[in-house]
Amino acid sequence: MGDSAGLQFVSSYAFEAMQKVDVVRLAALSDPELRLLLPCLVRMALCAPADQSESWAQDKKLILRLLSGVEAVNSIVALLSVDFHALEQDARKEQQLRHKAGGSNGESILVSQLQHGLTLEFEHSDPLRRLRLTLSELLAIMNKVADSNGEFFLKSSELFESPVYLEEVADVLCILQAELPSLLPIVDVAEALLHVRNGDWFLCLLVANVPDSFNEVCRGLIKNGERQDEESVGGRRRTEALRQLCQMNPSQALNIRAMVVEECHLPGLGVALTLDYKPDTPDEAVSPLVSYVSGLLLGTNSKVRTWFSMFIRNGQQRKRESSSVLWQMRRQLLLELVAILPRSRSTRLPNDGGMEDEAASGYSGLREEHVVKASALLRLYCALVGIAGLRPTDEEAEQLLQLMTSRPPATPAGVRFVSLSFCKLLAFPTLVSTPEQEQLMVIWLSWMIKEEEYFESAAGVSASFGEMLLLVAMYFHSNQLSSIIELVCSTLGMKVVTSHAVRVAVTNNLSANITGFLPIHCIYQLLRSRSFTKHKVSIKDWIYHQLCETTTPIHTQLIPLIDAYINSILTPASKANPEATNQPITEQEILSVFQKGSRGGRQRFSITAQLLILYYILSYEENLLASTKQLALMQKKPKSYSAALMDQIPIKFLVTQAQGLQQELGGLHSALLRLLATNYPHLCLVEDWVCEEEVTGTLPLLRRMMLPSNTCRYSQSQLHQAFQKLPSSSPRLIRILEHLTLLSPGDLIPYAEALTASMALLLEPAVPRRILQTLNKLWMGLNTVMPRRLWVMTVNALQPSAKLLRQQRYTQNDLMVDPLIVLRCDHRVFRCPPVMDIVLHMLNGYLLGSKAHLQGHLKETADFDRQSQTISNLGVPGQPDTPEVTREELKNALLAAQDSAAVQILLEVCLPTSEEQQLGVSSKSLLRTNRGPTQGKQKLESQQLISRGVLGDAEPEGGLLSDLREVQCLICCLLHQMFIADPNIAKLVHFQGYPQALLPLTVAGIPSIHICLDFIPELLAQPQLEKQIFAIQLLSYLCTQYALPKSLSVARLAISVMGTLLTVLTRAKRFCFFMPTLPCLVAFCQAFPPLYDDVAALLVQVGQVCASDVATKVRDVDPFIARLQNLKVNPQELSLSAGGSSKLTLPLKTAEELGGADPDVQLCYCIEATFMDIISSTLHRL
């Protein structure tokens, strides 16, 4: 915006003072600088502050003293005296009028007919009319911007152009925006100011007076900006305005640049801000401009790369302009390049003396401190030319050749620079355009070949230019330039590059410590270009041996090599030849990596090799499933690795080992975790990670360090014998198990079979609890290193005795297909909490594993089935997609049935058995509820059980420490996790229903059961009476446990449903429905006293209906109804008659009287009892 070049902008010093409200710095400003900030300062001095501190009071006095000598303050005070509410109403009316008139500027409510020009009217107007004039003009511009559909326009407005009144107009503009923020959002005002002359000046003043809006304004301008700002006048004006804002607040320039990259708008602004940026501590190695542009073009974000490349291409199509940001950038880069060139360099050829007299030829070395910067510049120019399509000028090409042929010192950075120069010469041969330049390059190449050995020895790196030449040959090969291939191959003495590559020896102990160009780089490039498959050269053995010859820290090229190798196995090189693929690594080769050697039982291969092979297998299986559609179209199905192979690989143990080597493994550990979470979710349980912290933490490590080396070591046979002689061998078994707890999980692996095989012996009643808890601890430790094998052994060991006699053994695949096998165990497990904890852990894991197994099976077979279905059903529209949809639905239905069955079985386990019921153990004695009247009764029952010795050696807590209670807690914990993971399971289980006796347990023991409040209305709407009864009973417990507003609304709905059902149910169904649901009303009233009136009305209504049916049979029904109505109207009379007692009783009826009575009579007595319970609970609270 060159139209505001002569105006004074707000300085960065003044803006920082406004941001921090630094009165001392404000007082130091000159009068012209202070004049620009008067609107904000006057409002600050006049308006009531939110800060009532003494320090602000002193600052405010200083501000008033500062403003006292400025004449323009009086006009701003007059502006603030206007009624802005009336002004805003008139402005909104004018907006509506303009909207109806289609945006025309005919009539105006804010401004009457102007007698003179806008500038003269502004000069002769009072403060209110000045506000109206400016507001009318600003709203007109804002409306035009909104209707322009993104097309830029420049509106001529003498109010914003007259240099005499610019400061007064700026004052009015700032006051209007501050007082009418809803009418004039600052982002919209900023957008409108771009369309008038001097707009950037007005915008800076507006933001300076509202400094907190800086980021908001900049983000809004960037979001509304053009993708290519130098293509239009509007883009250039927007860039210049944002540039001025950043000069006013330079500390935020880099943040604004980040917004530019994030939105992919205004690329010229990003470059301009980088050119303007002056770091406090400049980096001598790489300049900010080189870093910024290199990050855009060489980063991983393809969207950003394409956006900035378009900026370069479009910028070259215009004529060279000194004001263009692109040419400013190119000029700055050229200056940086020239600054690091050796001073004595020139393109003149040496004399006839040849290369020997290098001093005479003008060749000097590149200074060591400039090598890194030179390499960065070379990479940047490669990106600019190769990616962004930059066409170098003659001057740029000349200086680039000067830099490329510089001779760096023999350091690692110098080796890197020579490699980059050589690659740039190959990639962009057009830089050499004259015979003199060609001769210069020949001399440089000869120098490079001659100095190869010296560079390798002096730099201390494995830099081989010979292997670089091999890499160059492969680049040409991938482009299929046959003549160049023959020339290069004849020079190297090779017929076929791929045949030579497979004969190159693998790098022994390959790690990230070995730098330079290695055989792995060559193989990787050949794999990417599919050269091996094109020429039918097997590369499998080379890759396998290279993976086995690895160590830490892992080389960065290994994971991309594996990915490229897997892609070459699954994806043919061309559709015409689907068999042109590489061979996968065989199962026998894979197993040999994980088997122990014959010497000392140690591993033959390093942990790095095992982790890489594991990554290869998991990634291969994942890519195989992801490629089934393409493979089905080509009628090609590569072989998957067998489940037997996967069972023999210690996946969890290897991942645990990798966790401690994350720094040395780079991204391999995170890649393995991603693959495990996708394909083996049962190996990524949260509780397993928590358990690993307990097993591998500091305290267990210290305990193992304190274990003496000559301590008694127990064998597996000794452990087995101790188990067999239980209970007499309990002390010895405890000693053995306590000793095993000191071992690491890896050292426990030999004892796994002995521990699991004898688990059934621990279910006998005389086994000490300490043995069970220690076994649980050892099992959890083993679970961190060998979970899958451990689970299979445990499931087989806990089978019922009948199955053990039949020697029925389950496999890993059996348990994946049917996880409920875990619960078909010995029934004594359900009353042994430590073993039940193990069973629940396995059940949770197998349920998760079954989901992944079925999903993988669906992907593996669905596309091939669909392909065959498509071929057999040609011409039938819609038929091919039907089987796939059906399979997905069947899979989801199977998983839902599987999960709900597991939940129902576990809930059934929570019920007391017949023997426990005979001993007096009930659900009431196992759970304390919050129901007022029944709490004392439960406590009395518990005390009676303890006094009779029914609860055995349990502590006197009302049965709370029994085995059943502990098992219930474990089950509730698992159900809580399942409901959180998938709320649909909770919905399905409660729609199926379960025994009402379990409701106190589930509501109190499962915290996530409150989600049932979401679907209880749907459950109440079911036609089955049993589901409606279950819903009301469940809701009564939920209201007591979670007295929330949502519970109140659902309880009101339940009472309304009960009232509706009263009018439609038959006599028999009415009895079946209300007998179990009327007691639930007590819980509703106890949780929500406001429901008392609704409940009382419902009880009276039910009583009236029942009384009308038995009026001729029972004489005391009418008095009963009268008593209920009296209780509803005057409940206080009952409390007075009770004499202050909190207990209300009814005349007791014998069982014979109630059992032989009419159902409606029984219901009447139930209504009265419910009424009394409600009143009793109310009095009990008082």
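From a predicted model like this one, the values you see are computed outputs, not experimental measurements.

Basis of the calculations
Residues numbered from 1 in each chain as written. Predicted model: local features only at pLDDT ≥ 70, side-chain atom pairs only at ≥ 80, totals over all residues. Heavy atoms only, no water. Helix = DSSP H or I, 4+ residues; strand = E, 2+ residues; numbered from the N terminus. Buried < 20%, exposed > 50% of the residue type's maximum accessible area, 1.4 Å probe, protein only. Contact = heavy atoms within 4.5 Å. Areas by Shrake-Rupley, 256 points an atom, 1.4 Å probe, with all protein chains shown as cover. Axes fitted to C-alpha atoms, helices over the stretch in contact; angles between N-to-C directions. Left-handed = near helix turned anticlockwise from the far one by under 90°. Nonpolar A, V, L, I, M, F, W, Y, C, P; charged D, E, K, R; others polar. Core = buried A, V, L, I, M, F, W, Y, C linked by side-chain atoms within 4.5 Å. Phe/Tyr/Trp six-rings, centres within 6.5 Å; stacked < 30°, edge-to-face > 60°. Patch = residues over 30% accessible without salt bridge, like charges linked within 9 Å, V, L, I, M, F, W, Y side chains within 5 Å. Salt bridge = Lys/Arg side-chain N within 4 Å of Asp/Glu carboxyl O. Arc of directions from axis to C-beta. Polar contact = N/O pair within 3.5 Å; in protein donor to acceptor, adjacent residues only side chain to side chain.

### A word on the overall build of the chain
Here's step 1: For the chain, the count of helices and strands is 66 helices and zero strands.
Here's step 2: Within the chain, buried positions represent 50% of all 1182 residues.
Here's step 3: Counting contacts in the chain only where the partners sit at least 6 residues apart, residues at least 24 apart contribute 74% of the total.
Here's step 4: Accessible surface computed for the chain: about 56000 Å², of which carbon and sulfur atoms make up 54%.

### Focus: the packing of helix 58 (residues 1025-1041) against helix 59 (residues 1045-1064)
Packed helices, taken two at a time, are described by the angle between their axes plus the distance between the axes.
Here's step 1: Between helix 58 and helix 59, the shortest axis-to-axis distance is 10 Å and the interhelical angle comes to 150°. Pair helix 58 / helix 59 crosses with left-handed handedness. For the pair helix 58 and helix 59, contact is made by Gln1028, Ile1032, Leu1035 and Cys1039 and by Ser1047, Val1050, Ala1051, Ala1054, Met1058 and Leu1061, respectively.
Here's step 2: When the residues that make up the contact of helix 58 with helix 59 are grouped by side-chain class, the tally is eight nonpolar, two polar and no charged.

### Overview of the environment of Pro983
Here's step 1: The residue Pro983 is located in helix 55 (residues 983-992) in this model.
Here's step 2: Taking the C-alpha atoms as reference points, Pro983 and Ile1011, 28 residues apart in sequence, are found 7.6 Å from one another.

### Considerations on the nonpolar core
Here's step 1: Core analysis: the largest hydrophobic core is formed by 145 residues, its most contacted members being Leu135, Leu245 and Phe308.
Here's step 2: Ranked by residues supplied to this core, first place goes to helix 21 (residues 371-386) with ten residues.
Here's step 3: Ignoring any residue separated from it by four or fewer positions in sequence, one finds Leu245 in contact with Leu203, Cys204, Val207, Phe214, Val217, Cys218 and Leu221.
Here's step 4: In this structure, Leu737, Val909, Phe991 and Phe1074 belong to the second largest nonpolar core, which totals 134 residues.

### Considering unusual backbone geometry
Here's step 1: Pro553 follows Thr552 through a cis peptide bond whose omega is -5°.
Here's step 2: If you trace the backbone, Pro553 turns up in the loop between helix 31 (540-548) and helix 32 (558-570).
Here's step 3: Positive phi, normally seen in glycine, also occurs at Leu266, with a value near 55°.
Here's step 4: Position of Leu266 relative to the elements: it lies in the loop between helix 16 (253-263) and helix 17 (267-276).
Here's step 5: Overall, Leu266 belongs to the buried group, its relative accessible area being 0%.

### So, the packing of aromatic side chains
Here's step 1: Summed over the entire model, instances satisfying the criterion amount to 14 aromatic pairs.
Here's step 2: Between the aromatic rings of Tyr616 and Tyr641, the centroid separation amounts to 6.1 Å while the plane-to-plane angle is 75°, which identifies the pairing as edge-to-face. Of the two residues, Tyr616 is situated in helix 34 (residues 607-626) and Tyr641 in the loop between helix 35 (628-633) and helix 36 (643-647); the sequence distance between them amounts to 25 residues.
Here's step 3: Taking 5.2 Å as the distance between ring centres and 70° as the angle between the ring planes, the aromatic pair formed by Trp791 and Tyr846 counts as edge-to-face. Here Tyr846 lies in helix 50 (residues 833-872) and Trp791 lies in helix 47 (residues 787-797), a separation of 55 residues in the sequence.
Here's step 4: With relative accessibility at 0%, the residue Trp791 sits in the buried group.

### Thoughts on a nonpolar patch on the surface
Here's step 1: A grouping of Phe152, Leu154 and Val233 is seen on the molecular surface, where their side chains present a nonpolar patch of about 230 Å² in accessible area.
Here's step 2: Following the sequence through the fold, Val233 ends up in helix 15 (residues 233-248).
Here's step 3: Among the residues examined, Val233 registers a relative accessible area of 47% and is labelled partly exposed.

### Here we look at the pattern of salt bridges
Two side chains with opposite charge may pair up if their charged atoms get near one another.
Here's step 1: If you walk through the whole model with that rule in mind, you get 28 salt bridges.
Here's step 2: One salt bridge in this structure joins Glu88 and Arg92, with 3.0 Å as the shortest N-O distance. Of the two residues, Glu88 and Arg92 both sit in helix 7 (residues 84-100), four residues apart, roughly one turn of that helix.
Here's step 3: Residue classification places Glu88 among the buried residues on the basis of a relative accessible area of 18%.
Here's step 4: The exposure class of Arg92 is partly exposed, given its relative accessible area of 34%.
Here's step 5: In the salt-bridge network here, residues are joined through shared partners; they are Glu16, Lys20 and Arg25.

### Thoughts on helix 47
Here's step 1: With ten of eleven residues buried, helix 47 is to be regarded as a mostly interior element.
Here's step 2: Looking at helix 47, one finds that the buried residues are Pro787, Arg788, Leu790, Trp791, Val792, Met793, Thr794, Val795, Asn796 and Ala797.

### Remarks on the environment of Pro267
Here's step 1: Relative to the assigned elements, Pro267 resides in helix 17.
Here's step 2: Apart from the residues lying within four places of it in its own chain, the contact partners of Pro267 are Arg227, Gln228, Asp229, Trp307, Phe308 and Phe311.

### Re the packing of helix 20 (residues 325-340) against helix 21
Here's step 1: At their nearest, the axes of helix 20 and helix 21 sit 10 Å apart, and the two run at 145° to each other. Relative to helix 21, the crossing made by helix 20 is left-handed. Contacts from Leu333, Leu334, Glu336, Leu337 and Ile340 in helix 20 reach Lys373, Ala374, Leu377, Leu380, Tyr381 and Leu384 in helix 21.
Here's step 2: Split by residue class, the contact of helix 20 with helix 21 holds nine nonpolar, no polar and two charged.

### Some remarks on helix 1 (residues 12-20)
Here's step 1: All buried positions along helix 1 are accounted for by Ala14, Phe15, Ala17 and Met18. On an axial view of helix 1, the arc spanned by its buried residues comes to 160°, and they lie on one face.
Here's step 2: For helix 1, the secondary structure elements touched by its buried residues are helix 2 (23-27), helix 4 (38-46), helix 13 (199-209), helix 14 (214-223) and helix 15.
Here's step 3: The first or second residue beyond helix 1 is Val21, which carries a positive phi of 50°.

### Considering the side chain of Ser287
Here's step 1: Relative to the helices and strands, Ser287 is located in the loop between helix 17 and helix 18 (288-298).
Here's step 2: Polar contacts involving the side chain of Ser287 include one to the side chain of Glu336, which spans 2.7 Å.

### Some thoughts on the side chain of Thr405
Here's step 1: Residue position: Thr405 is located in the loop between helix 22 (394-404) and helix 23 (412-427).
Here's step 2: Here the side chain of Thr405 touches Leu401 through a polar contact of 2.7 Å, landing on its backbone oxygen.
Here's step 3: Within polar-contact distance, the side chain of Thr405 engages the backbone oxygen of Gln402 at 3.4 Å.

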